[in-house]
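In case you want the letters, here they are:
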Amino acid sequence: MIDPLLASLLDHFPPTLMSLILPSSGHDASEQADQSALLDLVGYNIRRAYLVIQALFDREMEKHDLRQAEFSVLSVVRENPGINQRALAEALAVAPPNLATLLDRLEARGLLARQRSTEDKRVQHVELTTQGVRLYGRALKAAAAADAGALEHLSDAEREQLKTLLRKIFVE
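Keep in mind it's a predicted model, so treat the numbers as computed, not measured.

J.: I'd like a description of the overall build of the protein, backed by residues and values.
T.: Regarding its fold elements, the protein presents 9 helices and 3 strands. Reading the secondary structure of the protein in the N-to-C direction produces α-α-α-α-α-β-α-α-β-β-α-α. Per-residue burial for the protein yields a buried fraction of 32% across its 172 residues. Here the analysis covers contacts within the protein between residues at least 6 apart in sequence; of these, 61% occur between residues at least 24 apart. Of the roughly 11000 Å² that the protein leaves accessible, carbon and sulfur atoms contribute 54%.

J.: Now, about the pattern of salt bridges: what can you tell me, with residues and values included?
T.: Here the structure, examined in full by the defined rule, presents 8 salt bridges. Arg109 serves as the salt-bridge partner of Asp65, at 4.0 Å between the closest nitrogen and oxygen. Here Arg109 lies in the loop between helix H7 (96-108) and strand S2 (112-116) and Asp65 lies in the loop between helix H4 (42-62) and helix H5 (68-79), a separation of 44 residues in the sequence. With a relative accessible area of 55%, Asp65 lands in the exposed category. Residue class for Arg109 comes out partly exposed when judged on its relative accessible area of 29%. Between Glu160 and Lys163 there is a salt bridge, with the nearest N and O atoms lying 2.9 Å from each other. Of this pair, Glu160 and Lys163 are both found in helix H9 (residues 156-170), 3 residues apart, which corresponds to roughly one turn of the helix. If you follow the salt bridges from partner to partner, you end up with Asp104, Glu107 and Arg114 in one network.

J.: Provide a residue-level description of the packing of helix H6 (residues 85-92) against H7, including the pertinent values.
T.: At their nearest, the axes of H6 and H7 sit 10 Å apart, and the two run at 105° to each other. The orientation of H6 with respect to H7, classified from their angle, is roughly perpendicular. Between H6, through Gln85, Leu88, Ala89 and Leu92, and H7, the contact on the second element is made entirely by Pro96, Leu99 and Leu103. Of the residues that constitute the contact of H6 with H7, the class distribution is 6 nonpolar, 1 polar and no charged.

J.: So what's going on with the nonpolar core? Residues and values would help.
T.: With 31 residues, the main nonpolar core has Met61, Val73 and Leu88 as its most contacted residues. Looking at this core, the elements that each hand over two or more residues are H4, H5, H6, H7, strand S3 (124-128) and helix H8 (130-150). No other element matches H8, which puts 7 residues into this core. Setting aside its immediate chain neighbours within four residues, Val73 contacts Leu88, Leu92, Leu99, Leu102, Leu103, Leu106 and Leu112.

J.: Can you lay out unusual backbone geometry for me, pointing to particular residues and giving the numbers?
T.: With the exception of glycine, the majority of residues adopt a negative phi angle, and the majority of peptide bonds are in the trans configuration. Despite not being glycine, Asp65 shows a phi value in the positive range, around 55°. Phi at Ala93 is positive, roughly 55°, even though this residue is not glycine. Tracing the backbone through its elements, the reader meets Ala93 in the loop between H6 and H7. Here Ala93 falls in the exposed class, since its relative accessible area comes to 73%.

J.: Quick rundown of a nonpolar patch on the surface? Include the residues and the values.
T.: Residues Ile169, Phe170 and Val171 make up a contiguous nonpolar surface patch of about 350 Å² in total accessible area. Here Ile169 shows up in helix H9. Take Ile169: its relative accessible area is 60%, and that puts it in the exposed class.

The rules behind the values
Residues numbered from 1 in each chain as written. Predicted model: local features only at pLDDT ≥ 70, side-chain atom pairs only at ≥ 80, totals over all residues. Heavy atoms only, no water. Helix = DSSP H or I, 4+ residues; strand = E, 2+ residues; numbered from the N terminus. Buried < 20%, exposed > 50% of the residue type's maximum accessible area, 1.4 Å probe, protein only. Contact = heavy atoms within 4.5 Å. Areas by Shrake-Rupley, 256 points an atom, 1.4 Å probe, with all protein chains shown as cover. Salt bridge = Lys/Arg side-chain N within 4 Å of Asp/Glu carboxyl O. Axes fitted to C-alpha atoms, helices over the stretch in contact; angles between N-to-C directions. Parallel < 35°, antiparallel > 145°, perpendicular 65-115°, else oblique. Nonpolar A, V, L, I, M, F, W, Y, C, P; charged D, E, K, R; others polar. Core = buried A, V, L, I, M, F, W, Y, C linked by side-chain atoms within 4.5 Å. Patch = residues over 30% accessible without salt bridge, like charges linked within 9 Å, V, L, I, M, F, W, Y side chains within 5 Å.

Have a look at this one:
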């Protein structure tokens, strides 16, 4: 049986949100495919919920010309000024070469700066620029609005419970 909390993510979304991720088939409900076996799988439910959340998040981030990964970098660097690239890659679960590409893009936009460590020249520390701090502040508000829209049919307690349960999956 499907977890009631996860099922509520799909069951309570208004049709306008679901239309962001589900193409209209032009058929009535009686012709929809049976997904009951998939709906019994937690991973499938998480993926479907993620598609809704991702669509809303992406729409908000487009206003700031940011991708999800770039927003994540800005967020971790904002909360950890001077973080080194290795620790940043670990925090984001990103391969160092992929992180370097992200940092290059954000640095070219003037949103962050990297500086070599004075103690170990192999280490680079990352900080947001003033422009990066301002953009991150606006983007964080947009991300919160996207989250609120995606979870509008959950109570505050259900939202907290959902975050707690999901963290149990990925936090070691």
